[in-house]
Each structure stands twice: as structure tokens, then as C-alpha cells.
2 protein chains.
Amino acid sequence: MALDKTWFSEICEESGTAFSVKIQEKLHTEEGSLQTIDIYATEEYGNMMVIDGFIMITDRDNQIYHEMISHPALFCHKNPRKLAIIGGGDCGTLKEVLKHKSIESVTLIEIDENVVLLAKKFFPVLAHAAEDDRATILHENGAEWIRKHSDLDIILIDSTDPVGPAQELFSEEFYRNCHKALADGGIMVQQSESPLYHMNILKPMQKSIRQAGFASTQIQHFFQSSYPSGWWTCTMAAKDASTDLSKFNEQASTDKPFDTFYYNAGIHKASMVSPEFFKREMEEN
Amino acid sequence: MALDKTWFSEICEESGTAFSVKIQEKLHTEEGSLQTIDIYATEEYGNMMVIDGFIMITDRDNQIYHEMISHPALFCHKNPRKLAIIGGGDCGTLKEVLKHKSIESVTLIEIDENVVLLAKKFFPVLAHAAEDDRATILHENGAEWIRKHSDLDIILIDSTDPVGPAQELFSEEFYRNCHKALADGGIMVQQSESPLYHMNILKPMQKSIRQAGFASTQIQHFFQSSYPSGWWTCTMAAKDASTDLSKFNEQASTDKPFDTFYYNAGIHKASMVSPEFFKREMEEN
């Protein structure tokens, strides 16, 4: 069946697939110097933010990604207080992070101010987090900011795909600077694409992270219907051997005093399990 | 971006989404009395079978579904010997089942002979399983066949969605007949749609299964990129209290003498974990 003009389609060239969302209306287009941002009202996915043609967030399923990029590292780290988020201008990751009482400060470095401005207008439930006293929002190059800072407990790299302005956030040099910017026992998390379509990104990323000095990595799988294949991952990386990424504070996770849509202690453990083809390919890495 | 005629699109009305696959050519159309079957050669997903407009299998990712509908029940049952598959004419589930040495006989009851004939032509890697001496393929109504048989160890309901010819395979009466057809310690498995889109099918299904006399159910989650939302489930149901569906022969699963693409012992356990929203909704059930 052909899709008429009431559909927004995102083509994933490398997999020969497309994901489409039925649109009510286009609410806004912002053609900035860095990237173009479109906001749509959809039939069943609420509001949707699209950057350079790629779906970033929807009201319906953004929670899964935002919870899975943040809570596993936060329950794995022994005492997370000082955080940085690179990218993440929609403030969804910030919102999840701030649910943890131990957090004293979060610096969110989003290169494109338009992302934050549009999130405030069209995703207020997420962007509300920017008003928390513990949050600082900066609009500068995240890679440069990281070079000048240190003593971070956790760095969350909540970026677009490795094309355009986000490209350098997938480089070994950037990971090396993240490693330096972390305090002892620190954890970095990088969104790491789809196991079904992007092993060509996922595999070298693990190598780059280890070569940058990280002691270990741990991949976590989760369902993300609005991203290609519906199957997405994050990769956690431990600065040093004092952190066992396969363990976490399960009691605190089970007793968490806040609500989540997707994450729980069981999901935390389950997300770390990889299927056969994935294990085989990573062993060859 | 609009999709031109080189794409096949499956619209999921209830979620306002569509999944599209880039096509090389349409290889075959079979307009049968029960349903219309199209076979496509795709750019990146290999051959693809579409029934009444819905993607059934692709070369690229059919293994995940076929492994997850079969191996969990086979490693949970204490000694599976005699099986029935309702539907499943592509023979992908049959192929997985026959990897288990304990299996003495499998009867596959596919109402539409065309599915098997086209699988033999366009999915020979799957349909090859039909030649196994332990396999019997019948073309009749699966619900009626079940009423007349008994002493089955496992029944796998590998059906299309609950519309068209498959509708009665989602009814309490059918489940009651499956319950009768199972031997003591028997297990039924039903494909059970997407947690993100089909809680309105999933929830009453659990109720119907329990009301039909089954002692317990266990839902398993897995990634299925070619089905709506990329997130699919199967539901296992235990005939009686002698079977604990949350347990399985982990040693046998770990030592399995055959290859899989997705399934392993870790995935078996991980697939049984449900996210927060799902647990909340099922508790209200």
C-alpha cells in the first residue's frame, strides 16, 4: 500500500527499510545553521521532533531511550553526584537523571540552542527538567567542553547519529578526553545504534572506547519503535577496573522512589544479555 | 521523504505507523480462496512473504520469531516428544523444533496449502524441514484438528493476526480444546502481538487462556524488526501446575548441540522480564 502525504517517512538506507508515522500537522520548522528541526503533531505518537529528516523523539516512546541511557549507569555507579550530558537538548535524559536524589549537578551541553527552545515549547514535560536548580544548560561544542573539565562521575553522550555535528562524538580522541574528564570509578554512556543494522558502527566503537583507556564496556539492548529496526543499544564504559558494569545496586533499583515507564531492576539485568549472532560478532572484534 | 513505488509498505492502523521495505521485484502473487500471498525480492531483507498485506516472514529476521516461539517451550518441557504446530506453513517453526533430538513427531496443520508450496519455492532453507521423517504436513482447519487429537506435549500456535482465517485461533473455546489435547505437563505457545500497540489483544488473551483451564502463563519479549513496533511477544501456557514456566533446563539450553541466530540460555531468561508499564497493565488484568 502506498503512503500519501499524511505520512512522515524516515528512510534507513543501509537496511533498505523505512519507518513512517501518520501526521496530523507540521507544527514548526526551524532551519538553523547547524541542522533543520521539524516538529509534527502525529495521530498516535503525540508530538515528534525530527532533525535533518531523522526522528529524534516522540511523546509516545522517548521514555524508553531516556531511561535506558541514564538509569543503568546511575544504579551502577557507587555514588553519582556530578554529571554531564553531551547533546540531549530535548531534556528527556536530564529529566531521568534528576530523579536520582544523589545528583548534585548536571551540566547539559547541547550545541544547538534551537533543540532546547523547541523542546520547551513542544515537549514541556521533558524540558521542565531544565528549571531544576541542579541543572545547567550550555550551548557550545560538547567535545571542547569535555576537554576543559574533570571530576565528572558520569558522562552521558545523548547524540544524534554519527553524521553531521555529532560525528566527532564517536571518535577515539573524544572518548580519550571523556576518560580524562571522569573521576575515579566514573562511567561514560554512549548511544550505540541498532544491532540489526549498525554492527559496522557498534563494533569499531567498542574498540575505540577501549583504546581510549576505558577498562571495560557493557552493551544494553532495548526496544525503541521510532528508531530503525525498533532495536537500539547504549554502551556503558567504565573508566577503571573498580567498576564492574555487569553489577549494579539492585536493592536501590528495586526500591527506587520514582516512577519509570520501562526501566526496572529486572529490565536492567535483561538488557545486558546479547543474542547469539551479536555475541559471535563481538567475539571476532 | 516520500516513498516511491520501489517500496512495500505495511500500515499498522492502530498505531498510526507503517514499516516499509525496499523492493527489487515482486516474484509471485497467489490469490487463493483463503488469502492472497505475495512474494517479494527485497534489497536488504532477502525474500519476503506477505499475506493479505501483512509481512509474515523475511529471510533476514524470521529466525528470531521462529526460535522464540519454539525453543523456550522445548527447553521448559521435561520431555517433549509429540508436537503440533497450528499454522506455520512457512516451516520456519518446524525447522527449529526439529533441531531437538527428543522430538519423535511433529504435525503441522496449515489451513492454506499455498503457504507451504510457496515456502518450498522461495524459502527452501525453511521448507526443507518438511522433508524430515518426523514431520507430517496437513492442510485442514487447525482448530478442528485439535478437537480430535490428544496426548500432545507441546502445541505451537504460529498464526497470522486475529483477523481472517486465524480469528478462531485466539478464542477461549480453541484454547480449551488445546488444553484437552495436551498431555499432562503439556505447554501451549501462542504468538501474542506487540506490547506497545496491542495490549487490547494481549490482555484478554491471557484471561481467555487461564479461563480455558491453563494453570499459568508466561510472556516472552523479543525484537522483530519486520513486525509492527519491532517488539513482539509469545505467550507460553502450562496445562497444569507440574510445569513452572519461569524455569527451564538451563544446562541443556546452554549445551544445545545446534546453532541459533538469536536464542540462547541468557536470552531465554531475559525475554521473560517485562518493563514497568507492561507489569502495571497486566496486574490490572
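If you're wondering where the values come from, they're calculated on a predicted model, not measured in any experiment.

Before going further, it helps to spend a moment on the domain arrangement of chain A. Residues and elements named next belong to chain A. Taken domain by domain, chain A holds domain 1 (7-58) and domain 2 (62-283). One C-alpha centre belongs to domain 1, the other to domain 2, and the line joining them spans 23 Å. In this assembly, 24 residues from domain 1 lie in contact with 21 residues from domain 2. Summed over both partners, the interface of domain 1 with domain 2 comes to about 2,100 Å²; 68% of that surface belongs to carbon and sulfur atoms. For domain 1, the biggest contributors to the area lost against domain 2 are Leu34, Met56 and Ile57; these three give 25% of the whole. Where domain 1 touches domain 2, the interface holds zero salt bridges. Here domain 1 is connected to domain 2 by six residue pairs in polar contact (both at pLDDT 80 or more).

Turning our attention to the packing of aromatic side chains. According to the stated counting rule, one finds 29 aromatic pairs over all chains in the structure shown. Ring centres of phenylalanine 75 of chain B and phenylalanine 258 of chain B lie 6.4 Å apart, and the angle between their planes is 20°; on these two criteria the pair is classed as stacked. A residue pair is termed long-range when its members are at least 10 positions apart, and phenylalanine 75 of chain B in helix 1 (residues 62-76) and phenylalanine 258 of chain B in the loop between helix 8 (250-254) and helix 9 (265-271) qualify at 183 residues. The class for phenylalanine 75 of chain B is buried, based on a relative accessible area of 7%. Look at phenylalanine 258 of chain B and you get buried, because its relative accessible area is 12%. Here the aromatic residues Phe223, Trp231, Phe261, Tyr262, Phe277 and Phe278 of chain A together with Phe223, Trp231, Phe261, Tyr262, Phe277 and Phe278 of chain B are joined through ring pairs into a cluster of three or more.

In summary, the two copies of the chain are related to each other by a rotation about an axis coupled with a shift along it. Rotating chain A by 180° and translating it 0.0 Å along the rotation axis places it on chain B, where the RMSD comes to 0.0 Å. Here the symmetry operator amounts to a two-fold rotation axis. When the interface residues of chain A are mapped onto chain B, 100% of them are again interface residues, pointing to one common binding face.

Moving on: the pattern of salt bridges. Where side chains of opposite charge bring their charged atoms close, a pairing between them can arise. Residue and element names in this part refer to chain A. The tally for this structure, following the rule as stated, stands at 15 salt bridges over all chains. A salt bridge links glutamate 281 to lysine 203; its shortest N-O distance comes to 3.3 Å. Here the residue glutamate 281 occupies a position in helix 10 (residues 276-283), and lysine 203 occupies one in helix 7 (residues 199-211), the gap between them amounting to 78 residues. According to the relative accessible area criterion, lysine 203 is buried, its value standing at 17%. The partner of aspartate 244 in a salt bridge is lysine 247, with the nearest N and O atoms 3.3 Å apart.

Residue and element names in this part refer to chain A. Of all six residues in strand 6 (residues 82-87), five are buried, a share of seventy percent or more. Of the pairings in the sheet, the one linking strand 6 to strand 7 (residues 105-109) comprises five bridges and is parallel in character. Each residue of the ladder has a partner; that of alanine 84, found in strand 7, is threonine 107. As for the winding sense of the linkage, the β-α-β connection from strand 6 through helix 2 (residues 92-97) to strand 7 is right-handed. Sheet analysis places strand 6 next to strand 9 (residues 152-158), joined by five bridges and oriented parallel. Residue leucine 83 lies in a different strand from strand 9, and its bridge partner there is isoleucine 154.

The interface is formed by 43 residues belonging to chain A together with 43 residues belonging to chain B. Approximately 3,700 Å² of surface area, both sides summed, lies buried where chain A meets chain B, with 64% of it carried by carbon and sulfur atoms. Connecting chain A to chain B are one salt bridge. The residue glutamate 276 of chain A makes a salt bridge to lysine 256 of chain B at a minimum N-O spacing of 4.0 Å. Listing elements by their share of the side of chain A that touches chain B, those giving two or more residues are strand 1 (7-12), strand 2 (17-31), strand 11 (216-223), helix 9 (265-271) and helix 10 of chain A. With six residues, the top contributor of residues to the side of chain A that touches chain B is strand 2 of chain A.

Moving on: the sheet that holds strand 8 (residues 135-138) of chain B. Residues and elements named next belong to chain B. Pairing is mixed in the open sheet, where seven strands are placed in the order 8-7-6-9-10-12-11. Of all strands in the sheet, those with a lone pairing partner are strand 8 and strand 11 (216-223), marking the two edges. Strand-to-strand, the axes of this sheet are offset by a mean angle of 15°, without reference to chain direction. Here five bridges tie strand 10 (residues 182-191) to strand 12 (residues 231-238), and the two strands are oriented antiparallel to one another.

Time to look at unusual backbone geometry. In terms of backbone geometry, most residues other than glycine have negative phi values and most peptide bonds are trans. Of note, aspartate 52 of chain A is a non-glycine position whose phi angle comes to about 50°, a positive value. Along the polypeptide, aspartate 52 of chain A turns up in the loop between strand 4 (47-51) and strand 5 (54-58). The residue glutamate 193 of chain B is not glycine, and still its phi comes out positive at about 70°. Position of glutamate 193 of chain B relative to the elements: it lies in the loop between strand 10 and helix 7 (199-211).

About the thresholds
Residues numbered from 1 in each chain as written. Chains lettered and ligands numbered in written order. Predicted model: local features only at pLDDT ≥ 70, side-chain atom pairs only at ≥ 80, totals over all residues. Heavy atoms only, no water. Domains from an automatic or database assignment. Contact = heavy atoms within 4.5 Å. Buried area = accessible area lost by both parts, 1.4 Å probe. Salt bridge = Lys/Arg side-chain N within 4 Å of Asp/Glu carboxyl O. Polar contact = N/O pair within 3.5 Å; in protein donor to acceptor, adjacent residues only side chain to side chain. Phe/Tyr/Trp six-rings, centres within 6.5 Å; stacked < 30°, edge-to-face > 60°. Helix = DSSP H or I, 4+ residues; strand = E, 2+ residues; numbered from the N terminus. Buried < 20%, exposed > 50% of the residue type's maximum accessible area, 1.4 Å probe, protein only. Least-squares fit on C-alpha atoms with pLDDT ≥ 70 in both. Pairing = 2+ DSSP bridges. Right-handed = clockwise from strand over helix to strand, strands pointing away. Axes fitted to C-alpha atoms, helices over the stretch in contact; angles between N-to-C directions.

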